Amino acid sequence: MASWGEFELQAPALAALCFQRFKSTDLLMLGTLRKDGFPRISPIEWVIYEGELALGGIWQAKKALDLLRDPRCTIHRTTSNKDGKQGDAKLWGRATPLAEHRIEGYWQWVFKQTGWRANGPAHIFTIDIESAAYVAFTSDGTMKRLQWPGDGQWIVTRP
């Protein structure tokens, strides 16, 4: 598993593509497991804080309770149309609640970046990345995939 900073060092091209897709809207889709075992998909806000991918959420939101119960998750930034040319970025990992002694620093940093700060309790998680992938299609239908762990080479599938 790797922090975002470690992921950047181990897979710089893939991390850059993921970051670019994530920044395109600053909103990600978070996949968690509900109490009954079914998947839940929810939008979530994110930042890179002190070299870690950090997710923030409303206090006691279902997605946060899912992560507290089972930390396995998927972070996904999809394409916005079916041709897939924009690229599809995914991370798989485990969420850890941000340590209490780091919370105030986190909120100061977020406020400095955005001008916003939660005025009540909130859940903040960092993600330990286990694997990642980026998939894109070209105009001739060729699929290109970059994955980590991996050797940093594109895997190309022709139609």
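Please refer to the structure higher up on the page.
Residues numbered from 1 in each chain as written. Predicted model: local features only at pLDDT ≥ 70, side-chain atom pairs only at ≥ 80, totals over all residues. Heavy atoms only, no water.

## Section: the side chain of histidine 76
If you trace the backbone, histidine 76 turns up in strand 4 (residues 72-77). One polar contact links histidine 76 to aspartate 88, side chain to side chain, over a distance of 2.5 Å. Setting aside residues up to four positions removed in sequence, histidine 76 forms contacts with Leu28, Met29, Asp88, Ala89 and Lys90. (Helix = DSSP H or I, 4+ residues; strand = E, 2+ residues; numbered from the N terminus. Polar contact = N/O pair within 3.5 Å; in protein donor to acceptor, adjacent residues only side chain to side chain. Contact = heavy atoms within 4.5 Å.)

## What about the nonpolar core?
Counting 30 residues, the largest nonpolar core has Trp4, Phe7, Leu14, Phe22 and Leu91 as its most contacted members. With 6 residues, the top contributor of residues to this core is strand 6 (residues 122-137). Non-local contacts of leucine 14, meaning those with residues more than four positions away in its chain, are made with Phe7, Ala132, Ala133, Tyr134, Leu146, Gln147 and Trp148. (Core = buried A, V, L, I, M, F, W, Y, C linked by side-chain atoms within 4.5 Å. Buried < 20%, exposed > 50% of the residue type's maximum accessible area, 1.4 Å probe, protein only.)

## Focus on the packing of aromatic side chains
Summed over all chains, the structure comprises 10 aromatic pairs. Members of the aromatic cluster, joined through ring pairs, are Trp4, Phe7, Phe19, Phe22, Trp46 and Trp148. Lysine 144 extends its terminal NZ or CZ atom over the ring of tryptophan 154, reaching a point 4.7 Å from the ring centre. (Phe/Tyr/Trp six-rings, centres within 6.5 Å; stacked < 30°, edge-to-face > 60°. Lys NZ or Arg CZ within 6 Å of the ring centre and 35° of its normal.)

## Some words on the pattern of salt bridges
Within the structure shown, the criterion is met by 10 salt bridges. In this structure, the salt-bridge partner of aspartate 70 is arginine 72, at a minimum N-O distance of 2.7 Å. For arginine 94, the salt bridge goes to glutamate 130, with nearest N and O atoms at 2.6 Å. In this pair, arginine 94 sits in strand 5 (residues 88-97) while glutamate 130 sits in strand 6, placing the two residues 36 residues apart along the sequence. Residue arginine 94 is classed as partly exposed on the basis of its relative accessible area, which comes to 31%. A relative accessible area of 34% means that glutamate 130 is categorised as partly exposed. Three or more residues are tied together by salt bridges with common partners; here these are Arg40, Asp66 and Arg69. (Salt bridge = Lys/Arg side-chain N within 4 Å of Asp/Glu carboxyl O.)

## Comments concerning unusual backbone geometry
For the peptide bond that leads from tryptophan 148 to proline 149, omega is 0°, which places it in the cis range. Mapped onto the secondary structure, proline 149 falls in the loop between strand 7 (143-148) and strand 8 (155-157). Despite not being glycine, glutamate 50 has its phi angle at roughly 50°, a positive value. Following the sequence through the fold, glutamate 50 ends up in the loop between strand 2 (39-49) and strand 3 (52-58).

## Observations regarding the pairing of strand 3
Counted residue by residue, strand 3 has 5 buried out of 7 residues, so it is predominantly covered. One ladder, built from 5 bridges, connects strand 2 with strand 3; its direction is antiparallel. What sits directly across from valine 47, in strand 3, is alanine 54. Taking the residues that link successive antiparallel strands as the turn, the strand 2-strand 3 hairpin has 2 residues, and the phi of glutamate 50 there is positive, at about 50°. Two strands pair when backbone bridges link them, and strand 3 and strand 6 are joined in this way by 5 bridges, in the antiparallel orientation. In the sheet register, glycine 57 faces strand 6, and the bridge partner there is histidine 123. (Pairing = 2+ DSSP bridges.)

Nothing here speaks to function; it is geometry throughout.
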